[in-house]
Amino acid sequence: ATPAATMVGTTIGAQHGVLFKGGDILERARDVDTVVFDKTGTLTEGEMELTDVVALDGEETAADGGAVAERQRHTEDDVLRLAAAAESGSEHPLARAIVDGAEERGLEIPEPDDFENVPGHGIRATIDGSEVLVGNRKLLEDEGIDPAPAEETMERLEREGKTAMLVAIDGELAGVVADADTVKEGAKEAVAALRERGVEVMMITGDNERTARAVAEQVGIDPDNVRAEVLPEDKSDAVEQIQSDGRKAMMVGDGVNDAPALAVAHVGTAIGSGTDVAIEAADVTLMRSDPQDVVKAIRISDATLQKIK
Ligand code: ADP
Ligand code: MG
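Residues numbered from 1 in each chain as written. Chains lettered and ligands numbered in written order. Predicted model: local features only at pLDDT ≥ 70, side-chain atom pairs only at ≥ 80, totals over all residues. Heavy atoms only, no water.

Caption draft 1: Structural detail: the confidence of the model for the chain. Looking at the chain, the pLDDT average stands at 93 and 94% of residues meet or exceed 70. The ipTM value of the predicted complex is 0.94, and its pTM value is 0.84. (pLDDT = per-residue confidence, 0-100.)

Written as C-alpha cells, this is what we have:
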C-alpha cells in the first residue's frame, strides 16, 4: 500500500478504536484465514461471579470395606470460607470471585499463613494449620487426592458453562465451588461475521473441555475448534501448531498468558481492557474491547488495500 493509503487506514482504524501498530500490520490483517479467540476476558467479560458452593458428603466406606467411617464433615460455609482464605492472595479472576462471594455471604475470611499459586491448576494454602487446595482435577490428583466423588457435581456445573473448582482440606476432598462468567455482547455476532467471510473460528483456553465447549456453543464456535486445558506456557505452541499448515492466524487475547501466543500469530490482537503485557505483545489493540472489532480490523485492512489497487 502507498504510505498515504496506509495513513488513511490507520486513521480510520483509530477512529473506530482499532489501533494498528504499523502499516505492515494493516496490510497483513486481510490475509487472516483463522481467528483464535482466548475465552476468558476475550469472548467473555472476564468478570466472574461465585454461583455455587457444594459441601460433599462426609461419609466414606472404610478401607476394610465394612464399617462406614465418618470423615470430618465440612459445611458449605467451611468450604467457602477456607477456599476464600486460600484465594485471598491471588489476583486470578476465579479467585477474586470466590473471595467476593464469601464476603457477600458475610463470612469471616482468615488470613492464610502461606499460599502458593500453581499456574493453570489452582492454589495451595495453609490456613490455621490446615492445608487447603482449590483448583482443577489435576491439582488434587498431583497431591494423591481422588477427585472422583465430586465428578457428578463437577460435570453438572461444567455443562452449565461454569468453571467448577475442587476444594480439598487436609488431604481430603471437601467440596466444590463454581464461578460463572458472561459471554460478551457482540461475541456471537463477531463469530458469525467471521464465518460468513470464510474465516475459521477457534477458541483456546486453560479452562476445562466441558466448560469451554458450553461457552463455544453459546457463541457459535464449532466444538471441534475448541482447544481446552491448554497450559499458559503452551498457548503459543498451540497457535504455532494451528499455523503449521500455512494458515494465517489472528490470535485475540487479553491476558499475560496470551502474550507469547499474540507474538507468534500472523496478527496478534489485544483486548484494550486486557493486561499491558498483552497489549505490548500485540500488533493490534481493540480499544473498545468488543469482539466485533476483530471483524472491523480485517475490513479496514481490506478497504485500505483495495483502494490502492
Ligand atoms: P484461563 O486460560 O481461563 O485464564 P488458567 O490457565 O489461568 O485459565 O487456569 C486454568 C484452570 O486452572 C482454571 O480453569 C481453574 O480450574 C484452575 N485455576 C487456575 N487458577 C486458579 C485459582 N487461583 N483458583 C482455582 N482454580 C484455579
Ligand atoms: Mg483471558
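Caption draft 2: The arrangement of the sheet that holds strand β15 (residues 284–286) in detail. Taken together, 7 strands build an open sheet; the order of strands is β1-β15-β14-β13-β2-β11-β12 and the sheet is mixed. Both outer strands of the open sheet, β1 (18–20) and β12 (226–227), are each paired with one neighbouring strand and no more. Pairing of strand β11 (residues 200–204) with β12 involves 2 bridges; the strand directions are parallel. Considered in β12, the bridge of M203 is made with V226. (Pairing = 2+ DSSP bridges. Helix = DSSP H or I, 4+ residues; strand = E, 2+ residues; numbered from the N terminus.)

Caption draft 3: How the structure looks around the environment of M250. Note that M250 resides in strand β13 (residues 249–253). Linking M250 and N136, residues 114 residues apart in sequence, is a C-alpha distance of 29 Å. Apart from residues lying up to four places away in sequence, M250 is in contact with V32, T34, V35, V36, V267, T269, V294 and I298. (Contact = heavy atoms within 4.5 Å.)

Caption draft 4: Structural detail: the coordination of the magnesium ion (ligand 2). For the magnesium ion (ligand 2), every protein donor is listed as D38 (OD), T40 (O) and D254 (OD), and the spread of their distances is 2.1 to 2.2 Å. Read in sequence order, the donor residues for the magnesium ion (ligand 2) give the motif D-x1-T-x213-D. Of the two residues, T40 is situated in helix α3 (residues 39–43) and D254 in the loop between β13 and α11 (259–264); the sequence distance between them amounts to 214 residues. What makes D254 buried here is its relative accessible area of 16%. (Donors = N, O, S within 2.8 Å, 3.2 Å for Na, K, Ca; no water. Buried < 20%, exposed > 50% of the residue type's maximum accessible area, 1.4 Å probe, protein only.)

Caption draft 5: Structural context of the sheet that holds strand β10 (residues 172–180). Taken together, the 6 strands give an open sheet; going across it, the order is β3-β10-β9-β8-β7-β6, and neighbouring strands pair in antiparallel fashion. With one partner strand each, in any of the chains shown, β3 (49–55) and β6 (114–118) form the two edges of the open sheet. When the angles between neighbouring strand axes are averaged without regard to direction, this sheet yields 20 degrees. Bridge count for β3 against β10 is 6 bridges, and the pairing is antiparallel. Counterpart to V54 in the pairing with β10 is V176. The strands touched by helix α4 (residues 76–87) are β3, β6, β7 (122–127), β8 (130–135), β9 (163–169) and β10; relative to β3, the strand with the most contacts, the crossing angle is about 130 degrees. Lying on the sheet, helix α7 (residues 151–159) is in contact with β3, β9 and β10; it crosses β9 at an angle near 155 degrees. (Axes fitted to C-alpha atoms, helices over the stretch in contact; angles between N-to-C directions.)

Caption draft 6: The arrangement of the side chain of T44 in detail. Along the chain, T44 turns up in the loop between α3 and β3. Since its relative accessible area comes to 1%, T44 is described here as buried.

Caption draft 7: Helix α1 (residues 3–15), seen in detail. Helix length check: α1, at 13 residues, gives a terminal C-alpha distance of 18 Å against a target of 18 Å (1.5 Å per residue), a fit within 8%. Those residues of α1 that fall on the buried side of the exposure criterion are A5, T6, G9 and G13. Around the axis of α1, the buried residues are gathered within 100 degrees of arc, so they sit on the same side. Along α1, exposed side chains directed more than 90 degrees from the buried face belong to P3, A4, M7 and Q15. Backbone geometry just after α1 places G17 at a positive phi near 75 degrees. (Expected span 1.5 Å × (residues − 1). Arc of directions from axis to C-beta.)

Caption draft 8: Examining the site of ligand 1 more closely. With respect to spatial proximity, 18 residues lie near ligand 1, and among them E87, H92, G120, G206 and D207 are the closest. H92 is positioned with one of its side-chain polar atoms (N or O) 2.7 Å from an oxygen atom of ligand 1. Backbone polar atom of G206 to an oxygen atom of ligand 1: 3.0 Å apart, as the coordinates give it. Taking 550 Å² as the accessible area of ligand 1 by itself, protein coverage stands at 92%. Of all the secondary-structure elements, those providing two or more residues to the shell around ligand 1 are β8 and β9. Of the residues that constitute the shell around ligand 1, the class distribution is 3 nonpolar, 12 polar and 3 charged. (Near = heavy atom within 4 Å. Polar contact = N/O pair within 3.5 Å; in protein donor to acceptor, adjacent residues only side chain to side chain. Areas by Shrake-Rupley, 256 points an atom, 1.4 Å probe, with all protein chains shown as cover. Nonpolar A, V, L, I, M, F, W, Y, C, P; charged D, E, K, R; others polar.)

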